[in-house]
Amino acid sequence: MAVWWLRPLLISCLVGVFACPRPGVVPPAAGGVSAGQAVQLGPRITRVTPSGAPAPVYGAIEEALPLTDSFEAAIAAEVVELARANRLTPPRWDERLMRTARDLAALVPTQEPLAYRAIEFVLHHHGIAEPTPHLLVIFSNRADASELAAAMRERITRLLLGGNYRHAGVGVVPRDDGQRAVILALQESHLELTPVAKVFAAGKSVTVRGRLAPPYRAPAMAVTWESGEVSSHPVRAANGGRFEVSLRCPEQPARMRLELTADSPQGNTVLANFPVYCAVEPPRELVLEQGVTIGAGDVPAAEAELVALINQARRRAGLPALQVDEAVAAVARRFSEEMARTGQVAHVSAESGSAADRLRRAGVVRALVQENLARAASVAEAHDSLMNSPGHRANTLSPDVTHVGVGVVPGRDPEANDILVTELYVRLPPAADVVATARGIGDRLQRGLKLQWDAELAETAAAAATELARARQANAARLTESGLLGRAAKRFLGVRAMVVAVADPAQVTAAQLGGVKGITHLGVGVAQADHPELGPGALYVVALLGRLR
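Worth saying up front: this structure is predicted, and the values here are computed from it rather than measured. Residue numbers run consecutively from 1 along every chain, following the written order of its sequence. Given that the model is predicted, a residue must reach a pLDDT of at least 70 before its local features are reported, and side-chain atom pairs must reach 80 or more before they are shown or counted; all residues, however, enter totals for whole chains, interfaces and linings. Excluded from the side-chain calculations are hydrogens and water; all other atoms, namely the structure's heavy atoms, are used.

Comments concerning the overall build of the chain
Note the following rule: Helical segments are the DSSP runs of H or I of at least four residues, strand segments are the runs of E of at least two, and each set is numbered from the N terminus. In this scheme, a residue with accessible area under 20% of its type's maximum is buried, one over 50% is exposed, and one in between is partly exposed, where area comes from a 1.4 Å probe on protein chains only. All accessible areas in this document rest on Shrake-Rupley with a 1.4 Å probe, and a residue is counted as covered only by the protein chains that are shown.
Helices and strands together make up the secondary structure of the chain, namely 14 helices and 28 strands. When the 549 residues of the chain are sorted by exposure, 54% land in the buried category. Counting every atom, the chain has about 23100 Å² of accessible surface; 51% of that belongs to carbon and sulfur.

Here's what the structure looks like:
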């Protein structure tokens, strides 16, 4: 009996939960089983066609029909018995997951996992918006249903004890080679989603509402549009975990990818991720092109592949490629190793804290940190799943980051055959022309506040910024102590200083200056140096404001 796991791929970001197996091709299911098909079109092309008509809505849980297949019935009974024996609430058998499991059992190749995109496509076809379930995949030639269920007992127990599963489905499909492909799908779900239609007319409002289960809170909605752009939309939250969010379909035919996230003690997590179609019907089939991926056993090559995929996505979006930050990569790699050892994929770890904690403990200080996490069957699958998630896509395609550090390590369960991935996106400010930067900041402040530029104030501000950068302190009191403002005060009735350290000149705004009533002139100085909180290349900015005598 051949066995392997498909763990749910948790993907989550600072600012989740998918399964990512690898593509494969098998002959169509034999014996008149109503299930999906995988048809090989060429050496690297697979066509996936789920069974039945697409579900019209997401979130409509269906009670499972009575099981007529003796193997499915025996496995379902085993799950219920083992849950009760371990004092767990048995999962609810959901007909949508039953159809999904049967379709996937007809698709699954013998030697390798299913493609993440194939699993997700079948789930969405059957109206399931939650992330990919935990799949137990078995190939067996046992002729007795009770013997097969008993042989699965240990693995089912491990699954049940490893999660809080609310829904379940099982599919058993005979194969041409005389074996049966078995898929048991167990799904955690942390929300009750009010059924939402898949298809809307152009220009119509799309409303998503439901209720979060404890301990989840602070729901957020992100959308990837047809153009690839990502936008966030305000969510109205109410008592009891209830939430509602509305957005609008474009006036032209389009597909929107919606993602609902929420916070918990383990960090931000994806609770639902699904496409909505505006004036266009959902596709009935998925065509996959299989790529050659590097196994996680070659860690440097796997990490290089992931960085290459990240930069390919950025170039397609018209963004500059990211450089590798080796110090950040070492932190990412250690956290992937921790996740492999503990089996926990979450931003906030009981062992190492948050991403900021892990960087700080390693003595690595960066001005901006964004984190993506994934568990998948391959580097390409991990990247594909993260880019299919609006929140994680936004991190990867952020115009504010300049460097990346990735950590890819093999999982420790040989039956799962998965990898753990950490992506840390950071900003390292480039070397600045401090004179031009100071004048650029001054020009923006002048336009906003209608002040005149003063060369003497600018010269004094530059000297002050240099002094603060040398001391690594963005502290206005230090300027008063140094006497640097004394000479400028001779021409002005008074001089006021604003001092700030930033990673990006755009972070300096007129609002930071406070009231400017009576102020007539402005000068700005900039110096660049390391900062204890912002890291290398921080900009120390001094703005001096005065009123002529």
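A closer look at the sheet that holds strand β10 (residues 191–193)
Condition: Between any two strands, pairing holds if DSSP finds at least two bridges.
Strand order in the open sheet made by the four strands is β10-β13-β17-β16, with antiparallel pairing throughout. Only two strands of the sheet have a single partner each, and these edge strands are β10 and β16 (236–237). Of the pairings in the sheet, the one linking β10 to strand β13 (residues 205–212) comprises three bridges and is antiparallel in character. By the bridge assignment, Leu191 is partnered in β13 with Leu212.

Considerations on the side chain of His392
Convention followed: Under this definition, polar contacts are N or O atom pairs within 3.5 Å; protein pairs additionally need one hydrogen-donor-capable and one acceptor-capable atom, and for neighbouring residues in sequence, both atoms have to be side-chain atoms.
Along the polypeptide, His392 turns up in helix α10 (residues 390–396). At 2.3 Å, the side chain of His392 and the side chain of Ser389 are in polar contact.

Examining the pattern of salt bridges
Inclusion rule: Any Lys or Arg side-chain nitrogen located within 4 Å of an Asp or Glu carboxyl oxygen qualifies as a salt bridge.
Under the criterion given, the structure shown has 22 salt bridges. With a shortest N-O distance of 2.9 Å, Arg257 and Glu120 are connected by a salt bridge. Of the two residues, Arg257 is situated in strand β18 (residues 254–264) and Glu120 in helix α3 (residues 116–125); the sequence distance between them amounts to 137 residues. Residues Arg257 and Glu120 agree in their burial class; the two are buried. In this structure, Arg491 engages Glu456 in a salt bridge whose closest nitrogen and oxygen atoms are separated by 3.0 Å.

Some remarks on the packing of aromatic side chains
Let me state the cut-off plainly: Pairing of aromatic rings covers Phe, Tyr and the six-membered ring of Trp, with a centre-to-centre limit of 6.5 Å; geometry is then stacked below 30 degrees between planes, edge-to-face above 60, and tilted otherwise. Charge-over-ring placement is defined geometrically: NZ (Lys) or CZ (Arg) within 6 Å of the ring centre, and within 35 degrees of the ring normal.
For the coordinates displayed, the defined rule picks out one aromatic pair. Look at Tyr58 and Phe274: their rings are 4.8 Å apart centre to centre, the planes differ by 50 degrees, and that puts the pair in the tilted class. On the criterion of sequence distance, the pair formed by Tyr58 in strand β5 (residues 57–58) and Phe274 in strand β19 (residues 267–278) is long-range, its members being 216 residues apart. For Phe274, a relative accessible area of 1% gives the class buried. In this structure, Arg358 is placed above the aromatic ring of Phe335, and the distance from its NZ or CZ to the ring centre is 3.5 Å.

What about the nonpolar core?
The line we're drawing: By nonpolar core we mean a set of buried residues, namely Ala, Val, Leu, Ile, Met, Phe, Trp, Tyr and Cys, connected to one another through side-chain atoms within 4.5 Å.
If you look at the biggest cluster of nonpolar residues, it comprises 27 residues, and the most contacted ones within it are Val208, Leu212, Met221, Met256, Leu258 and Phe274. Sorting the residues of this core by element identifies β10, β13, β14 (217–224), β17 (242–248), β18 and β19 as the ones contributing at least two each. In terms of nonpolar packing, the next biggest core, distinct from the first, is built from 26 residues, Ala76, Ala149, Val172 and Val182 among them.

Comments concerning the sheet that holds β19
Counted only if it meets this: Any pair of residues with heavy atoms lying within 4.5 Å of one another is described as a contacting pair. To define axes, lines are fitted to C-alpha atoms, for helices over the stretch in contact only, and angles between the resulting N-to-C directions are given on a 0 to 180 degree scale.
Strand order in this open sheet of five strands is β12-β19-β18-β14-β15, and the pairing throughout is mixed. Looking at which strands have only one partner, the edges of the open sheet turn out to be β12 (199–200) and β15 (230–233). Pairing between β12 and β19: two bridges, direction parallel. Across the sheet, Val199 pairs through a bridge with Tyr277, a residue of β19. Along the sheet, α3 contacts β18 and β19; its crossing angle with β19, the most-contacted strand, is approximately 65 degrees.

As for unusual backbone geometry
Residue Pro215 is reached from Pro214 by a cis peptide bond, and omega for that bond is 5 degrees. Checked against the element boundaries, Pro215 lands in the loop between β13 and β14. One non-glycine residue with positive phi stands out, namely Ala279, at about 55 degrees. For Ala279, a relative accessible area of 42% puts it in the partly exposed group. The phi angle at Arg472 is positive, at roughly 60 degrees, despite the residue not being glycine.

Looking at α3
The element α3 is extensively covered by neighbouring structure, given that nine of its 10 residues are classed as buried. When α3 is considered as a whole, its buried residues turn out to be Tyr116, Ala118, Ile119, Glu120, Phe121, Val122, Leu123, His124 and His125. Among the residues trailing α3, Gly127 stands out with phi positive, at a value near 85 degrees.

A few points about helix α2 (residues 95–107)
The cut-off we apply is this: For a helix, the expected span equals 1.5 Å multiplied by the number of residues minus one.
Over its 13 residues, α2 extends 18 Å from the first C-alpha to the last, a length consistent with the 18 Å expected when each residue adds 1.5 Å. Along α2, 11 of the 13 residues are buried, which leaves the element largely enclosed by surrounding structure. Among all positions in α2, only Glu95, Arg96, Leu97, Met98, Thr100, Ala101, Asp103, Leu104, Ala105, Ala106 and Leu107 are buried.

A few points about the state of the cysteines
As a reminder of what qualifies: Criterion for a disulfide: a pair of cysteine sulfur atoms within 2.5 Å.
Applying the stated criterion to the full structure yields one disulfide. Bridging Cys249 to Cys278, the disulfide has an S-S length of 2.0 Å. Disulfide Cys249-Cys278: torsion about the S-S bond near -75 degrees, hence left-handed. One end of the pair, Cys249, is in the loop between β17 and β18; the other, Cys278, is in strand β19, and 29 residues separate them in sequence. Judged on exposure class, the residue Cys249 and its partner Cys278 are both buried.

A look at the environment of Ala74
The residue Ala74 is located in helix α1 (residues 70–85) in this model. With near-sequence residues (within four places) excluded, Ala74 lies in contact with Ala145, Ser146 and Ala149.

Thoughts on the packing of α1 against helix α5 (residues 153–161)
Our working definition: Each angle is binned into one of four classes, with values under 35 degrees roughly parallel, values over 145 roughly antiparallel, values of 65 to 115 roughly perpendicular, and all other values oblique. The handedness criterion is simple: a crossing whose near helix is rotated anticlockwise from the far helix by less than a right angle is left-handed, and one whose near helix is rotated clockwise is right-handed. Here the term charged refers only to Asp, Glu, Lys and Arg, the term nonpolar to Ala, Val, Leu, Ile, Met, Phe, Trp, Tyr, Cys and Pro, and the term polar to all other amino acids, Gly among them.
Running from amino to carboxyl end, α1 crosses α5 at an angle of 55 degrees, the nearest separation of the two axes being 10 Å. Overall, the two elements α1 and α5 adopt an arrangement that is oblique. Relative to α5, the crossing made by α1 is right-handed. Here α1 contributes Glu78, Val79, Leu82 and Ala83 to the contact with α5, which in turn contributes Arg153, Ile156, Thr157 and Leu160. Within the contact of α1 with α5, the residues separate by chemical class into five nonpolar, one polar and two charged.

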